[in-house]
Amino acid sequence: MRDSPNLFSDDSADTVSTVDSTPAGEWDREVAKRSLDELFHLTHQYENTVEFRELVKFVIRFRAYSPFNSMLVHVQMPGAKFVAPPHRWRRDFKRRIKPGARPLVILRPNGPVMFVFDVSDTESMETSKPLPPEIENPFQVGGRLNPRDFEWLIENSKRDGIRVTESDHGSQSAGLIRIRDDLSESQLFKSGVNKSRQPVFVEIPVAYDIVLNRKHSRESKFATIVHELAHLYCGHLGRPTAKHRAWPDRRGCKRAVQEFEAESVAYLVCQRSGINNPSERYLRHHLGGDEKLPSISLDCVLKSSGLIESMTKGRLKPRKE
């Protein structure tokens, strides 16, 4: 990914003779501030394509939780099938936690952490019923893209200064993202409602343009937006302002790593949404053997996947910045 130490290698083996002065290099030197990348750096987890492929398959199929939380479950129990907190096992499934069962730690929405248990660490009670299909077979993926998911993704992109438009391109051209030098144009983003229940809008300058191929299907357009957003949220394009902290500034990443990260995000988000996408072919080619993984930031891949996925589920609040 870069000329500074590999996130998945031993720092003592560093042979770089010069300091990488790019934003990506500076971001790498602060690896200790990012616990996830530090974990993989110290334990050498997911440093080859086989391990990464298994993680990706798990995160895709374990759709009850965010990509980041799915990864946390995989780190602690790779064979987990379906997890839930104790109160949900009792309330929804009439099951109890086995004595001595090991809790798994994940992040709680709008809070610190929560403890969950895999179905293998629960047992039935007298009032228990057969487990529903989503627990017996949680890895089933299928269906078509919900049109509302596509609409929410475009709408929520506005809060980060992203304008999505369509244009006529050749059949082999999917789309692209452009950084705008001129911020004179803006678009409205709904921030909520007032006391009279009337919608309130904020005006946000257009900092980026994503142009889609009008001839493509909704599913193809969705995959294209996700791919281009991944480039932005993984930090490949930098930030709109120096004070902006919603995503990292990793300009200077090698092109091959940028594409690997963006394709990984697109594959995760699209597959968890139940649709196939071209990223599957890309990753199948690069993850087919047992090779060393490119120096990607798994932290960025998983957090970007979670952010983009949340953008498809409903209206998000405006950025505080």
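Refer to the preceding data block for the structure.
This report concerns the structure included in the present document. (Residues numbered from 1 in each chain as written. Predicted model: local features only at pLDDT ≥ 70, side-chain atom pairs only at ≥ 80, totals over all residues. Heavy atoms only, no water.)

1. Brief notes about the packing of aromatic side chains
In this structure the tally under the stated criterion is six aromatic pairs. A ring pair is formed by Phe52 and Phe260, whose centres lie 5.7 Å apart and whose planes are at 45°; its orientation type is tilted. Note that Phe52 is positioned in helix H3 (residues 49–61) and Phe260 in helix H9 (residues 255–272), a separation of 208 residues in sequence. Note on accessibility: Phe52 and Phe260 belong to one class, buried. Between Phe82 and Trp89, the aromatic rings sit 5.9 Å apart at their centres with planes inclined by 75°, giving edge-to-face as the arrangement. An identical accessibility class is assigned to Phe82 and Trp89; each is buried. Among the aromatic residues, ring-to-ring pairing joins Phe82, Trp89 and Phe93 into one connected group. (Phe/Tyr/Trp six-rings, centres within 6.5 Å; stacked < 30°, edge-to-face > 60°. Helix = DSSP H or I, 4+ residues; strand = E, 2+ residues; numbered from the N terminus. Buried < 20%, exposed > 50% of the residue type's maximum accessible area, 1.4 Å probe, protein only.)

2. Considerations on the pattern of salt bridges
Counted under the stated rule, the structure contains 18 salt bridges. The partner of Lys221 in a salt bridge is Glu166, and the shortest N-O contact between them spans 3.1 Å. With Lys221 in helix H8 (residues 218–233) and Glu166 in strand E6 (residues 162–167), the pair connects residues that are 55 residues apart, well separated along the chain. A relative accessible area of 32% places Glu166 in the partly exposed class. Arg251 is paired through a salt bridge with Asp249; the nearest N and O atoms lie 2.7 Å apart. Its relative accessible area of 15% is what places Asp249 among the buried residues. Within this structure, Arg163, Arg180, Glu185 and Asp209 form a network of salt bridges that share partners. (Salt bridge = Lys/Arg side-chain N within 4 Å of Asp/Glu carboxyl O.)

3. A look at the environment of Gly79
Note that Gly79 resides in the loop between helix H4 (67–76) and strand E1 (83–84). Between the C-alpha atom of Gly79 and that of Asp118, which follows or precedes it by 39 residues, the distance is 9.2 Å.

4. Considerations on the sheet that holds E6
As summarised here, the arrangement of the three strands in space is E6-E10-E7, forming an open sheet in which the pairing is mixed. Two strands bound the open sheet, and with one partner strand each, they are E6 and strand E7 (175–179). Across the sheet, the axes of successive neighbouring strands diverge by a mean angle of 20°, strand direction being ignored. Here E6 pairs with strand E10 (residues 208–213) via six bridges, running parallel. Counterpart to Glu166 in the pairing with E10 is Leu212. Where H8 meets the sheet, it contacts E6, E7 and E10, and its direction lies at approximately 155° from that of E10. (Pairing = 2+ DSSP bridges. Axes fitted to C-alpha atoms, helices over the stretch in contact; angles between N-to-C directions. Contact = heavy atoms within 4.5 Å.)

5. Structural notes on the packing of H3 against H9
Remark: H3 packs on H9, axes separated minimally by 9 Å, with the N-to-C direction vectors making an angle of 35°. Residues Phe52, Val56, Val59 and Ile60 of H3 form the contact with H9, whose participating residues are Phe260, Ser264, Tyr267, Leu268, Gln271 and Arg272. When grouped by side-chain class, the residues that make up the contact of H3 with H9 number seven nonpolar, two polar and one charged. (Nonpolar A, V, L, I, M, F, W, Y, C, P; charged D, E, K, R; others polar.)

6. Digging into a nonpolar patch on the surface
Side chains of Val105, Leu107, Val113 and Phe115 sit close together on the surface and give an oily, nonpolar patch of about 300 Å² of accessible area. The set of elements that each furnish at least two residues to the nonpolar patch consists of strand E3 (104–107) and strand E4 (113–118). Relative to the helices and strands, Val105 resides in strand E3. Judged by relative accessible area, which is 31%, Val105 ranks as partly exposed. (Patch = residues over 30% accessible without salt bridge, like charges linked within 9 Å, V, L, I, M, F, W, Y side chains within 5 Å. Areas by Shrake-Rupley, 256 points an atom, 1.4 Å probe, with all protein chains shown as cover.)

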